[in-house]
Amino acid sequence: MLGLERRDLTILIAVAVITLFAPIILNPFPTGSALAQFNAGYPDLMQRFVIFGIFAIGFNILFGLTGYLSFGHAAFLGIGSYSAVWMFKLLSMNVIPAILLSIVMAGLFALVIGFVSLRRSGIYFSILTLAFAQMSYNLAYSVLTPVTNGETGLQITLSDPRILDGESSGLPVTSLFGAEMRDTTTLFVGPWSWDFSVGYYFCAALMLVAFYISVRIFRSPFGMMLRAVKSNQQRMNYTGLNSRPYTLAAFVISGMYAGLAGGLLAAMDPLAGADRMQWTASGEVVLMTILGGAGTLIGPVLGAGFIKYFENIFSKINDGILHQWFAFMPDGLENFVVAVIHPFIGKGWHLTLGIMFMLVVIFLPGGLVEGASRVGRVFRRRDRKADHVESDAARQRAAAE
Amino acid sequence: MGILEVKGVNKRFGGLQALGDVNLSVKQNTVHAIIGPNGAGKSTLLNCLVGKLMPDSGSVMFDGQSVLGRKPHEINQMGISRVFQTPEIFADLSVLENVMIPCFARRDGAFRLHAYETVGSERDIRGQAEHMLEDVNMADKRHMHAGSLSRGDKRRLEMAMCLVQEPKLLLLDEPTAGMARADTNNTIDLLKEIKAKRDITMCIIEHDMHVVFSLAERITVLAQGTPLVEETPENIKGHPKVREAYLGEAQV
Ligand SMILES: Nc1ncnc2c1ncn2[C@@H]1O[C@H](COP(=O)(O)OP(=O)(O)OP(=O)(O)O)[C@@H](O)[C@H]1O
Ligand SMILES: [Mg+2]
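Not measured: the values here are computed from a predicted model.

### Observations concerning the packing of aromatic side chains
Given two aromatic rings, one states the distance between the centres and the angle between the planes to describe the pair.
All names here are of chain A.
At step 1: Using the criterion set out here, one finds 15 aromatic pairs over all chains in the structure.
At step 2: Ring centres of F310 and F314 lie 4.5 Å apart, and the angle between their planes is 15°; this geometry places the pair in the stacked category.
At step 3: Overall, F310 belongs to the buried group, its relative accessible area being 7%.
At step 4: Members of the aromatic cluster, connected to one another through ring pairs, are Y68, F76, F125 and F251.
At step 5: It is K89 that lies over the ring of W86; its NZ or CZ is 5.7 Å from the centre.
At step 6: Sitting over the ring of F52, K308 keeps its end group 3.9 Å from the ring centre.

Listed below in structure tokens is the structure:
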């Protein structure tokens, strides 16, 4: 179905079900309980999960398949955001044209940057992309102020033309043919509360489409050529294949994914700043992809979710909360434990993430996906062992009789 | 006029004259062997034919067209495939995928954005690849990781990848090095079979004289970057110049 084999279809359906029920799954703890701060099911964060999921899925098409490590993909994220905000200012608050322009603009920039950067491979390619991204960042920050509104960032204002929308009394909000992105319905079940937001479901639907396309690319002859680039570019060229347009196509596709992600960020919150293009943002998507499992289908989505969860949840834990948790301990011990944990929480979440990243890279080079499949294998082996024991016992019984 | 005409090719690496005024003419539908001691410049010559190296001077014509200045993939699309001295395969891909890729290259050209199809639905390509693998006795290994093959199997796989393209000219750089005797004989049989089945020109570099004398119709002896003699196998055996170049190397 959908041109997918059974295994891939199963994965797609699983991802669809999880994204559909994410508002419930991500809020396992009753509101107001001590653990409620570990709940991630609020619209703002869920939107980030899927948007950065899209960003990482696209990045994986380039890095996971061809092995070309771009350190400048945040540039396309930023370009997507600026394009979308301009569309909100000039044309309409409808998110569709905004997102379309984001994808197209990011694709065009990717074509130019990719054309130049892909003349080199390995570390030189990475440095070239990094240089381009930093250039874009600095341009957006200063030189291109008329387009990007510099330091303040690009925002919508009451005086914008918005040709298609006509007059509005207050500052308008982004919408999909009238359905406002910020609309949220909250469902209360017993002590739980679940937020179902229009914005989240819009992003989630696009992520599913993006994921589906990436699966198709992975399983296509084109995807096979990209893996061939990673495996042995020399052999590829002596086999009559021109590796350059293949890598360029992968670069542009992944740039368009980044543009879509940037457009969606702006669609959820219509402002765009140069910070979105900074090298830390480019590095983040690299971390997401590697942490989840580069070259795997769902790895990047997992990695994106993981990192965004840490960024938003761990960073909120402070000493006060720690003291609450460890209040049962004698005072001296309590203070000691809090002091030990302190560097890893709040602003220290980067430290925790860094340690986890190192552990994953050293012990699970295939990322979280490899971890999951190892765990799966252990269970399967145990099952088989149990089967063996049973059948042995049966044979012995039969022999005894 | 041969299908491949090499005229006055020179190539220097710093102070080393790797190729000095090489002239070579390979006739269509023949097997032409190039032999010579280690470091004679045999691989360097092949590199100049497939676009890996640019000669300092001279001309290389294939099928009436110059190959010099063309990119490797363009030369391959003209009909020249090459087996390397150290096997060049897609180590991270499966054996079957390794053979499917040249099939795609032959059907779709140097680039095609076939992202909307699936590999699974390409039955023709898959059929071709599986057929080829049967011909080289590797059908049972088709789902193996190519990187985990033995050295001899890697060579056979690389040969399959080249043969499945049905090239006009097949360049083989020591195709049986590292193979067991039985596999060497299989390879000889395979190449003979291919030769009998369709029009193909082969240029083969080999140290194993058994292979050379089983296959070659013409033999060129290269020493220190210069061709010494070009002869038929019968005439080369007792040739004094060859003895000189090979002294103590192999029993010619
Ligand atoms: N890229 C290079 N740079 C510098 N020197 C090179 C290069 N390639 C080959 N050479 C030198 O040129 C000479 C010819 O090398 P070549 O590989 O062509 O020999 P060969 O005849 O293939 O030998 P063998 O039988 O050992 O494969 C050698 O002395 C080698 O060291
Ligand atoms: Mg050699």
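### What to know about the interface of chain B and chain A
At step 1: The interface of chain B with chain A comprises 38 residues on the first partner and 26 residues on the second.
At step 2: Of the roughly 2700 Å² buried between chain B and chain A, counting both surfaces, carbon and sulfur atoms make up 63%.
At step 3: Ranking the residues of chain B by area buried against chain A places H73, F90 and F111 of chain B at the top, with a combined share of 20%.
At step 4: Scanning the region where chain B abuts chain A turns up two salt bridges.
At step 5: Of the charged contacts, one joins R227 of chain A and E97 of chain B as a salt bridge, the two residues approaching to 2.7 Å between their closest N and O atoms.
At step 6: If you list the elements that add at least two residues to the side of chain B that touches chain A, you get α2 (72-78), β6 (80-83), α3 (95-108) and α5 (151-163) of chain B.
At step 7: In terms of residue count, α3 of chain B provides more of the side of chain B that touches chain A than any other element does, six residues in total.
At step 8: For the side of chain B that touches chain A, the residue count by class is 21 nonpolar, eight polar and nine charged.

### Regarding the pattern of salt bridges
Any two side chains of opposite charge can pair, on the condition that their charged atoms come close.
Residues and elements named next belong to chain B.
At step 1: Enumeration according to the criterion identifies 25 salt bridges over all chains in this entry.
At step 2: With its nearest N and O atoms 2.8 Å apart, the salt bridge here joins E117 to R112.
At step 3: Judged by relative accessible area, R112 falls into the partly exposed class, the value being 27%.
At step 4: Because the salt bridges share partners, they merge into one network encompassing R107, D108, R112, E117 and E122.

### Considering the domain arrangement of chain B
Residue and element names in this part refer to chain B.
At step 1: The domain architecture assigned to chain B consists of domain 1 (1-79 + 167-252) and domain 2 (91-166).
At step 2: Of the residues lining the interface, 23 residues belong to domain 1; the matching set on domain 2 comes to 15 residues.
At step 3: At the boundary of domain 1 with domain 2, total buried surface from both sides reaches about 1400 Å², with 60% on carbon and sulfur atoms.
At step 4: It is Q77, P167 and L190 that lose the most area in domain 1 upon contact with domain 2, and together they represent 29% of the buried surface on that side.
At step 5: Where domain 1 meets domain 2, there are zero salt bridges.
At step 6: If you look at where domain 1 meets domain 2, you find four residue pairs in polar contact (both at pLDDT 80 or more).
At step 7: Only α2, β7 (169-173) and α6 (181-197) provide two or more residues apiece to the side of domain 1 that touches domain 2.

### What about the site of ligand 1?
Residue and element names in this part refer to chain B.
At step 1: Taken together, 13 residues form the shell around ligand 1, and within it N38, K42, S43, T44 and Q85 come nearest.
At step 2: Separating an oxygen atom of ligand 1 from a side-chain N or O atom of N38 is a distance of 2.8 Å.
At step 3: At 2.9 Å, a backbone N or O of G39 approaches an oxygen atom of ligand 1.
At step 4: Protein burial of ligand 1: of its 630 Å² of free accessible surface, 61% is covered by the chains.
At step 5: Within the residue set of the shell around ligand 1, elements represented by two or more residues are β2 (16-26) and α1 (42-49).

### Let's talk about the sheet that holds β2 of chain B
Residue and element names in this part refer to chain B.
At step 1: With antiparallel pairing, four strands are arranged side by side in an open sheet as β2-β1-β4-β5. Edge positions in the sheet fall to β2 and β5 (65-66), since each has one partner strand and no second.
At step 2: Pairing geometry for strand β4 (residues 57-62) and β5, over two bridges, is antiparallel. Paired with M61 across the strands is S66, a residue of β5.
At step 3: Here α1 sits on the sheet in contact with β1 (4-13), β2 and β4, set at roughly 65° to β2.

### With respect to empty space enclosed by the protein
Residue and element names in this part refer to chain B.
At step 1: Scanning all chains against the criterion turns up one cavity of 30 Å³ or more.
At step 2: Computed from the structure, the largest cavity encloses a volume of approximately 40 Å³.
At step 3: Of all the secondary-structure elements, those providing two or more residues to the lining of the largest cavity are α2 and β6.

### Overview of the pairing of β7 of chain B
Residue and element names in this part refer to chain B.
At step 1: Extensive coverage of β7 is indicated by the burial of five of its five residues.
At step 2: Of the two faces of β7, the one holding L169, L171 and D173 and the one holding L170 and L172 are both buried throughout.
At step 3: Both β6 and β7 contribute to a ladder of four bridges, which runs parallel. Pairing of R82 across the sheet is with L171, part of β7.
At step 4: Here β7 pairs with strand β8 (residues 201-205) via five bridges, running parallel. Its bridge partner being in β8, D173 is matched across the sheet by I205.
At step 5: Read from β7 through α6 to β8, the crossover connection turns out right-handed.

### Here's the deal with the layout of surface pockets
Unfilled space is identified by rolling a water-sized probe across the atoms.
At step 1: Size it by volume and the largest pocket reaches roughly 1100 Å³.
At step 2: Taken together, 35 residues form the lining of the largest pocket, with R7, F218, R219 and R227 of chain A together with E97 of chain B sitting closest to its centre.
At step 3: Breaking the lining of the largest pocket down by element, the ones donating at least two residues are α1 (6-25), α2 (43-66), α8 (221-231) and α16 (367-400) of chain A together with α3 of chain B.
At step 4: Its residues assigned to classes, the lining of the largest pocket comprises 15 nonpolar, 11 polar and nine charged.

What counts and how
- Residues numbered from 1 in each chain as written.
- Chains lettered and ligands numbered in written order.
- Predicted model: local features only at pLDDT ≥ 70, side-chain atom pairs only at ≥ 80, totals over all residues.
- Heavy atoms only, no water.
- Phe/Tyr/Trp six-rings, centres within 6.5 Å; stacked < 30°, edge-to-face > 60°.
- Buried < 20%, exposed > 50% of the residue type's maximum accessible area, 1.4 Å probe, protein only.
- Lys NZ or Arg CZ within 6 Å of the ring centre and 35° of its normal.
- Contact = heavy atoms within 4.5 Å.
- Buried area = accessible area lost by both parts, 1.4 Å probe.
- Salt bridge = Lys/Arg side-chain N within 4 Å of Asp/Glu carboxyl O.
- Helix = DSSP H or I, 4+ residues; strand = E, 2+ residues; numbered from the N terminus.
- Nonpolar A, V, L, I, M, F, W, Y, C, P; charged D, E, K, R; others polar.
- Domains from an automatic or database assignment.
- Polar contact = N/O pair within 3.5 Å; in protein donor to acceptor, adjacent residues only side chain to side chain.
- Near = heavy atom within 4 Å.
- Areas by Shrake-Rupley, 256 points an atom, 1.4 Å probe, with all protein chains shown as cover.
- Pairing = 2+ DSSP bridges.
- Axes fitted to C-alpha atoms, helices over the stretch in contact; angles between N-to-C directions.
- 1 Å grid on protein atoms, 1.4 Å probe; cavity = no way out; pocket = protein on both sides within 12 Å on 5 of 7 lines; lining within 4 Å.
- Points joined across faces, edges and corners; volume = space filled by probe spheres on them.
- Right-handed = clockwise from strand over helix to strand, strands pointing away.

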